[in-house]
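Here is what each chain is made of, one letter per residue.
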Amino acid sequence: MNLILLGPPGAGKGTQAINLAKKLGAAHIATGDMFRQAIANGTPIGKKAKEYMDKGVLVPDEVTIQMLLERLGQPDSKNGFILDGFPRNISQAEALDKALSDRNSTIDAALLIDVKDSELIGRLTGRWVCRTCQTPYNVKSPQPKVQGKCDRCGGELYQREDDKEAVIENRLKVYREQSLPLIEYYSKRGRLKRVSGEQAIGNVEKDLLEASKATAGRVK
Ligand code: AP5
Ligand code: MG
Ligand code: ZN
């Protein structure tokens, strides 16, 4: 199944994508995670992306789309993929549709995780992320079993540069201006499903799985 997770910063896209990918045997493809990895590796893409990410604005499409399409060309995407953080504007959605249709493939569902702004800010300022595998944790919940260490890989937990309140405000603004039109884009194509992200993580996952089956018209 090919899924897109839509939703504002802090909605729980990364949290859900990790679990869904495991359950569905799909590749988890997160452009934000790819950029952070590129920054850590000091690559030219990383250097370019950092300028934009630190301000909470979108990395230019020519960089992002090419990186994403190359990633989609890797063999693990053939068994299905979950996109987390892409597309983020209409031109990215159009580029994705074109690339998939060239490969006789399509998006089965675009799942929107709904969370109100006041909740998002609390989640992001309290977030800790694994430096190695990028699994998110929180000072409230979900907490890691051992403080400062990732449950999945033992990696060190850190706070993202863009999780400062001033940058969060900007990311939310960019989401409203550039990413909200995607709701209509996928709705018109009969692919959009909304799920409340303001529930326990396991219940959000249950709703996402139900919604993806309904939209894709498949039972798994
Ligand atoms: P990106 O890394 O994609 O960040 P984002 O979209 O701002 O989303 P987040 O990762 O902040 O939130 P999330 O929805 O994954 O929530 P999470 O699961 O961590 O992008 C970063 C930057 O990269 C962008 O600003 C841009 O510059 C660039 N970029 C990336 N993609 C791009 C693109 N396509 N085009 C251009 N530029 C791009 O959860 C958040 C917190 O809440 C965690 O602490 C978690 O533990 C907790 N939590 C999760 N679920 C729940 C729950 N149900 N209840 C309570 N707490 C919960
Ligand atoms: Mg994320
Ligand atoms: Zn980890």
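As a reminder, the structure under discussion sits directly above these lines.
Given the structure is predicted, the values throughout are model-derived calculations rather than measurements. (Residues numbered from 1 in each chain as written. Chains lettered and ligands numbered in written order. Predicted model: local features only at pLDDT ≥ 70, side-chain atom pairs only at ≥ 80, totals over all residues. Heavy atoms only, no water.)

Asks: If you had to explain the site of ligand 1 to someone new, which residues and values would you point to?
Replies: Around ligand 1, the structure places 35 residues, and the nearest of them are Thr15, Val57, Arg88, Arg127 and Arg171. In the model, an oxygen atom of ligand 1 is placed 2.9 Å from a nitrogen or oxygen of the Gly14 main chain. Val59 places a polar main-chain atom, nitrogen or oxygen, 3.0 Å from a nitrogen atom of ligand 1. Against a free-state accessible area of 1,000 Å², the protein chains account for coverage of 95% of ligand 1. Looking at the shell around ligand 1, the elements that each hand over two or more residues are helix H1 (13-24), helix H2 (31-41), helix H6 (117-125) and strand S6 (136-138). With four residues, H2 is the largest single contributor of residues to the shell around ligand 1. (Near = heavy atom within 4 Å. Polar contact = N/O pair within 3.5 Å; in protein donor to acceptor, adjacent residues only side chain to side chain. Areas by Shrake-Rupley, 256 points an atom, 1.4 Å probe, with all protein chains shown as cover. Helix = DSSP H or I, 4+ residues; strand = E, 2+ residues; numbered from the N terminus.)

Asks: Account for the sheet that holds strand S2 (residues 27-30), naming residues and giving values.
Replies: Spatially, S2-S3-S1-S4-S8 is the arrangement adopted by the five strands of the open sheet, whose pairing is parallel. Of all strands in the sheet, those bounded by a partner on one side alone are S2 and strand S8 (192-196). Across this sheet, the average inter-strand angle for adjacent strands is 25°, counted without regard to direction. Where S2 and strand S3 (residues 81-84) come together, four bridges link them in parallel fashion. Within S3, the residue paired with Ile29 across the bridge is Leu83. Running at roughly 70° to S2, H2 makes contact with S2 and S3 of the sheet. (Pairing = 2+ DSSP bridges. Axes fitted to C-alpha atoms, helices over the stretch in contact; angles between N-to-C directions. Contact = heavy atoms within 4.5 Å.)

Asks: Please set out the environment of Leu68 residue by residue, giving values where relevant.
Replies: On the secondary structure map, Leu68 appears in helix H4 (residues 61-72). Separated by 24 residues in sequence, Leu68 and Gln92 have C-alpha atoms that sit 9.7 Å apart. Sequence-distant contacts of Leu68, defined by excluding residues within four places in its chain, comprise Ile29, Thr31, Leu83, Phe86 and Leu96.

Asks: Tell me about the coordination of the zinc ion (ligand 3), residues and numbers included.
Replies: Distances from the zinc ion (ligand 3) to its protein donors, namely Cys130 (SG), Cys133 (SG), Cys150 (SG) and Cys153 (SG), fall within the range 2.3 to 2.4 Å. In this structure, the zinc ion (ligand 3) is surrounded by four donor atoms whose angles at the metal cover 97 to 118°, and the resulting shape is tetrahedral. Here the donor residues for the zinc ion (ligand 3) map to a single chain with the spacing C-x2-C-x16-C-x2-C. Of this pair, Cys133 sits in the loop between strand S5 (127-130) and S6 while Cys150 sits in the loop between S6 and strand S7 (157-158), placing them 17 residues apart in sequence. (Donors = N, O, S within 2.8 Å, 3.2 Å for Na, K, Ca; no water. Tetrahedral: all angles 85-135°; square planar, octahedral: opposite > 155°, others 65-115°.)

Asks: For the sheet that holds S5, give the residues involved together with the corresponding values.
Replies: Taken in spatial order, the three strands of this open sheet run S6-S5-S7, and their pairing is antiparallel. Each of the sheet's edge strands pairs with one partner strand only, and the pair in question is S6 and S7. The pairing of S5 with S7 spans two bridges and is classified as antiparallel. Residue Cys130 lies in a different strand from S7, and its bridge partner there is Leu157.

Asks: Now, about the environment of Asn104: what can you tell me, with residues and values included?
Replies: Within the secondary structure, Asn104 is located in the loop between helix H5 (90-102) and strand S4 (109-114). For Asn104, a relative accessible area of 77% corresponds to the exposed category. Along the primary structure Asn104 and Ala21 are separated by 83 residues, whereas in three dimensions their C-alpha atoms are 22 Å apart. (Buried < 20%, exposed > 50% of the residue type's maximum accessible area, 1.4 Å probe, protein only.)

Asks: Please provide a residue-by-residue account of the side chain of Asn89, values included.
Replies: Turning to its location among the elements, Asn89 is positioned in the loop between S3 and H5. The class for Asn89 is buried, based on a relative accessible area of 9%. At a separation of 3.3 Å, a polar atom in the side chain of Asn89 contacts the main-chain amide nitrogen of Ser91. Separated by 2.8 Å, the side chain of Asn89 and the backbone nitrogen of Gln92 make a polar contact. If we ignore the near neighbours within four places in the chain, the residues touching Asn89 are Leu58, Asp61, Gln178 and Leu182.

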